[in-house]
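Coordinate inspection notes
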Amino acid sequence: MPLLTGAEPFRHEGGDTAVLLCHGFTGSPQSLRPWAEHLAERGLTVSLPLLPGHGTRWRDLGVTGWQDWYAVVDRELRLLRDRRERVFVAGLSMGGALALRLAARHGDAVSGVVVVNPANRVHGVAAHALPVLRHLVPATKGIASDIAMPSSTELGYDRVPLHAAHSLRNFFRLVDGELPQVTQPLLLLRSPQDHVVPPADSARILGRVSSTDVTEILLEQSYHVATLDYDAERIFQESTAFIGRLAPGAVKEPGLGKEGTTAGG
């Protein structure tokens, strides 16, 4: 299937400090592209891959699972480590869980973690019924575009395939058990008004990681997809400052970074 316009992956070759961005479940790189461009403009190497089953049609997601999604970001991290001195991982929602697992599994190969409204579990009565329900009902209503700003829209599916949701549930359980292995500096930004991921998920993550350098920031004006919402600029600025603190000299003023190329697709 052809990609939806705007769902293309994003890559930028910048300096020796890289950032790997992970998008959310049923979403696409479009939800993080402004963030990726902000980081690229400041001289950082940036990779924002498209996860399998995303960016086309919801039925394509239904034949993939967490192993497919994680394999892509794991490979991207290894490629970045081969070429760059430092790598930070970041993500939105499920992308936050992917970033946390990368940190737990790769240890010192990850210099820091930034997560926005990270998801930790599938909630509600339906979550417990997923093992059976997924064989009876192909999909349920979508979760994309939970945004307070009326003029902003997320490019995501309007349906959630239940086979993929069941795999996501299993992935969250796996990541939850690995959270104590996360020791890197952590920046967690969350929206108190989030209609997709409740505050309990962030609280659970903060309570289980072993990181000692932890910063939590509230995004008071945004809903779940805060990277496309009123607080987007704050996310960009706070994450850039976080990276700059941990990697002195890595962040440049726009237009002064190392020459690079930006490519979609």
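In short, a report on the structure. (Residues numbered from 1 in each chain as written. Predicted model: local features only at pLDDT ≥ 70, side-chain atom pairs only at ≥ 80, totals over all residues. Heavy atoms only, no water.)

**Topic: the packing of aromatic side chains**
Counted under the stated rule, the structure contains 4 aromatic pairs. Here R101 stacks its cationic end above the ring of Y70, 4.6 Å away from the centre of that ring. (Phe/Tyr/Trp six-rings, centres within 6.5 Å; stacked < 30°, edge-to-face > 60°. Lys NZ or Arg CZ within 6 Å of the ring centre and 35° of its normal.)

**Side note on the nonpolar core**
F25, W69, L100 and V113 are the most contacted members of the largest nonpolar core, which totals 46 residues. At the level of elements, β2 (17–22), α2 (58–61), α3 (66–83), β4 (86–92), α4 (94–106), β5 (112–116), α6 (162–178) and β8 (186–190) are the ones that each hand at least two residues to this core. It is α4 that provides the largest number of residues to this core, a total of 8 residues. Not counting residues within four places of it along the chain, the set of residues in contact with F25 comprises H54, L61, W69, M94, I143, V160, A164, A165 and L168. In terms of nonpolar packing, the next biggest core, distinct from the first, is built from 31 residues, V114, I217, L219 and A232 among them. (Core = buried A, V, L, I, M, F, W, Y, C linked by side-chain atoms within 4.5 Å. Buried < 20%, exposed > 50% of the residue type's maximum accessible area, 1.4 Å probe, protein only. Helix = DSSP H or I, 4+ residues; strand = E, 2+ residues; numbered from the N terminus. Contact = heavy atoms within 4.5 Å.)

**Some remarks on the packing of helix α1 (residues 33–41) against helix α8 (residues 232–246)**
Across the interface, α1 lies against α8 with an axial gap of 10 Å and an inter-helix angle of 40°. Classed by the angle they form, the pair α1 and α8 counts as oblique. You can see that α1 and α8 cross each other, and the crossing is right-handed. Contacts between α1 and α8 involve P34, W35, H38 and L39 from the former and E233, I235, F236, Q237, S239, T240 and I243 from the latter. Split by residue class, the contact of α1 with α8 holds 6 nonpolar, 4 polar and 1 charged. (Axes fitted to C-alpha atoms, helices over the stretch in contact; angles between N-to-C directions. Parallel < 35°, antiparallel > 145°, perpendicular 65-115°, else oblique. Left-handed = near helix turned anticlockwise from the far one by under 90°. Nonpolar A, V, L, I, M, F, W, Y, C, P; charged D, E, K, R; others polar.)

**As for the side chain of H23**
Within the secondary structure, H23 is located in the loop between β2 and α1. Its relative accessible area of 0% is what places H23 among the buried residues. A polar contact is formed between the side chain of H23 and the backbone nitrogen of L51, at a distance of 3.1 Å. When sequence neighbours within four positions are dropped, the list of residues in contact with H23 reads S28, P29, S31, L32, P49, L50, L51, H54, L92, M94, G95 and L98. (Polar contact = N/O pair within 3.5 Å; in protein donor to acceptor, adjacent residues only side chain to side chain.)

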